[in-house]
Amino acid sequence: MPDAMTKPNAPYVSRGPVTLRVLGTSVTLLESIRQQAHEDLGIRLQFDIMDGVAAQRAGVMAPDSFDIYDQWFHNVDFVWPANAIQPIQLDRIQYWDQINDLPKTGRLTPHAPMGAGGNPVDRLYVQPDGNCGSRPSDRITMLPVSHNVDSFGYRMDLLPKGLNRDLESWAWLLDERWRGMVSLQNDSAIGAIDAALAAKAAGLVQFEDLGNLSVNEIDTLIDCLIELKRQQHFRTFWSNQDQASSDMVRGRVGIESLWSPAMTMLKQRQIKVRMASPKEGYRAWYGGMSLSRSVKGRTLDAAYEYLNWWISGWPGAVMARQGYYISTPELTRPYLSEAEWDYWYAGKPASEELADSSGISGLIHLGEIRDGGDYLTRMSRIAVWNTVMDEHNYLVRRWNDFMSA
């Protein structure tokens, strides 16, 4: 297996008692990551794990409380204008040339749709005027790391008659045949996009730009959702992966917004659940890491070493076993078995039983194929990226109206 520490021309890092404070979410702040980074780099790591909204708030309001901000590219729209993070110098990112085209150009192939909403490339590069944009420069706002496409999951044993798994649509979330068994993610920035995708697919609402709703469009969407809620269409709204999986295990929910870790939990419980490949396309997200405006000196050197380590191979394999992709897939490939690469990236049937990121075997069964296919296919069917809309504050207020209705 390759040596993750073989890093020609890497900047020298003093091996003193440096502690890196990393603010983020449970998506990437895993204990296995912390332990391996400490072993490989000799750096102490303090993970401050929060939910998405809390991490975003801390990123904006408390930049002195962390050294590395580990969240998602659409959050750059908050932390960069707040001057909470400093530019990342590309000449200190050893594996920059190994990062593929998706975050650098907005798509993997020239003919793939760019997707509405917060495409990473639009906020990747620091521009001469200090703003962020898509024109390449020698400084970036956030290092592209893990990413994936999300949709919804459903229990195959509860699929209503008349719905065909070969014709999956976001409209299913609002289909009356699922009434009383539907759950949405309760975060306005994500749940509202899922709901908008569903409402558009069902022909209930039309949007000029799915990634940037107007005040009138927000009102129309929320009013529609409130009416459905009064009809008891929604069973619950989840705030974390444990709740999402628990509701489906108990049979309270048959269809819901779903993320890859919850799928893992359900598979471990032997629940027959499928992650949909909607004909309208996916909602995509891209995670990354930024440097606090306050980090400097030896701690800044250690932070760069940690950023380089994250895209050097081993961490990408951990992400793959959670169902996530990494920005440097070819560096990660040697850290995956041939069977793992074929299943997670190549879209081929599993040639053996595969384990999850914690080593529990039997997560993926022999012959199983990943829902949605291979990496190129899945990441080339993006309908919308997670985003911060111009009317974000209004959307939050109206989403809260929906939650409390």
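Residues numbered from 1 in each chain as written. Predicted model: local features only at pLDDT ≥ 70, side-chain atom pairs only at ≥ 80, totals over all residues. Heavy atoms only, no water.

Chemist: It is not clear to me how the overall build of the protein should be interpreted in this structure. Could you clarify?
Modeler: A count of helices and strands for the protein gives 14 helices and 17 strands. The C-alpha atoms of the protein give 21 Å as radius of gyration, which agrees with the globular expectation for 405 residues (22 Å, within 12%). Its C-alpha atoms give the protein principal-axis dimensions of roughly 60 × 50 × 40 Å. Relative to its 405 residues, the protein shows a buried fraction of 59%. Long-range contacts, defined as pairs at least 24 residues apart, comprise 69% of the intrachain contacts of the protein with a sequence gap of at least 6. Total accessible area on the protein stands at roughly 16500 Å², and carbon and sulfur atoms take up 47% of it. Averaging the coordinates of the 40 positive side-chain charges in the protein and doing the same for the 49 negative ones gives two points 3 Å apart. (Helix = DSSP H or I, 4+ residues; strand = E, 2+ residues; numbered from the N terminus. Rg over C-alpha atoms; globule rule 2.2 N^0.38 Å. Buried < 20%, exposed > 50% of the residue type's maximum accessible area, 1.4 Å probe, protein only. Contact = heavy atoms within 4.5 Å. Areas by Shrake-Rupley, 256 points an atom, 1.4 Å probe, with all protein chains shown as cover. Lys, Arg positive; Asp, Glu negative; His and termini not counted. Charge placed at Lys NZ, Arg CZ, Asp CG, Glu CD.)

Chemist: I keep staring at helix α8 (residues 260-268) and nothing clicks. Help me out?
Modeler: Residues spaced three or four apart along an α-helix face the same direction, because each turn holds 3.6 residues. Taken across its nine residues, α8 has seven buried, putting it largely inside the fold. On its buried face, α8 sits against β10 (143-155), α7 (241-249), β13 (255-258) and β14 (273-275). Count one or two residues on from α8 and you reach Gln270, which has phi positive near 65 degrees.

Chemist: Looking at this structure, I do not really get the pattern of salt bridges. What am I missing?
Modeler: Oppositely charged side chains can pair when the atoms bearing their charge come close. Under the counting rule described, the total for this entry stands at 17 salt bridges. For Glu168, the salt bridge goes to Arg274, with nearest N and O atoms at 2.5 Å. A residue pair is termed long-range when its members are at least 10 positions apart, and Glu168 in the loop between β10 and β11 (182-185) and Arg274 in strand β14 qualify at 106 residues. Just as Glu168 is buried, Arg274 falls in that class too. What emerges from the salt-bridge pattern is a single network uniting Asp219, Asp223, Arg398 and Asp401. (Salt bridge = Lys/Arg side-chain N within 4 Å of Asp/Glu carboxyl O.)

Chemist: When you look at the pairing of β10 in this model, what are you seeing that I'm missing?
Modeler: Note on strand geometry: in a regular strand, side chains alternate between the two faces of the sheet. Counted residue by residue, β10 has 13 buried out of 13 residues, so it is predominantly covered. Judged from the six bridges that link them, β10 and strand β15 (residues 282-292) form a sheet pairing that is antiparallel. Paired with Pro144 across the two strands is Gly288, which belongs to β15. As defined by bridge partners, β10 adjoins strand β16 (residues 325-326) across two bridges and the pair is classed as antiparallel. Residue Ser146 lies in a different strand from β16, and its bridge partner there is Ile326. Bridge count between β10 and β13: four bridges; the pairing is antiparallel. Directly across from Gly153, in β13, lies its bridge partner Glu256. (Pairing = 2+ DSSP bridges.)

Chemist: I would appreciate a short explanation of the pairing of β13 in the present structure.
Modeler: Relative to β13, β11 is paired through two bridges, and the arrangement is parallel. Across the sheet, Ser183 pairs through a bridge with Glu256, a residue of β13.

Chemist: I'm lost on the packing of aromatic side chains in this one. Help?
Modeler: Throughout the structure, instances matching the rule amount to 22 aromatic pairs. A connected cluster of aromatic rings, assembled from ring pairs, spans Phe152, Tyr154, Trp170, Trp172 and Trp178. Geometry around Trp96 places Lys104 over its ring, the cationic atom sitting 4.6 Å from the centre. Stacked on the ring of Phe402, the Lys or Arg Lys229 has its end atom at 5.6 Å from the ring centre. (Phe/Tyr/Trp six-rings, centres within 6.5 Å; stacked < 30°, edge-to-face > 60°. Lys NZ or Arg CZ within 6 Å of the ring centre and 35° of its normal.)

Remember that the coordinates give geometry; whether it matters functionally is a separate question.
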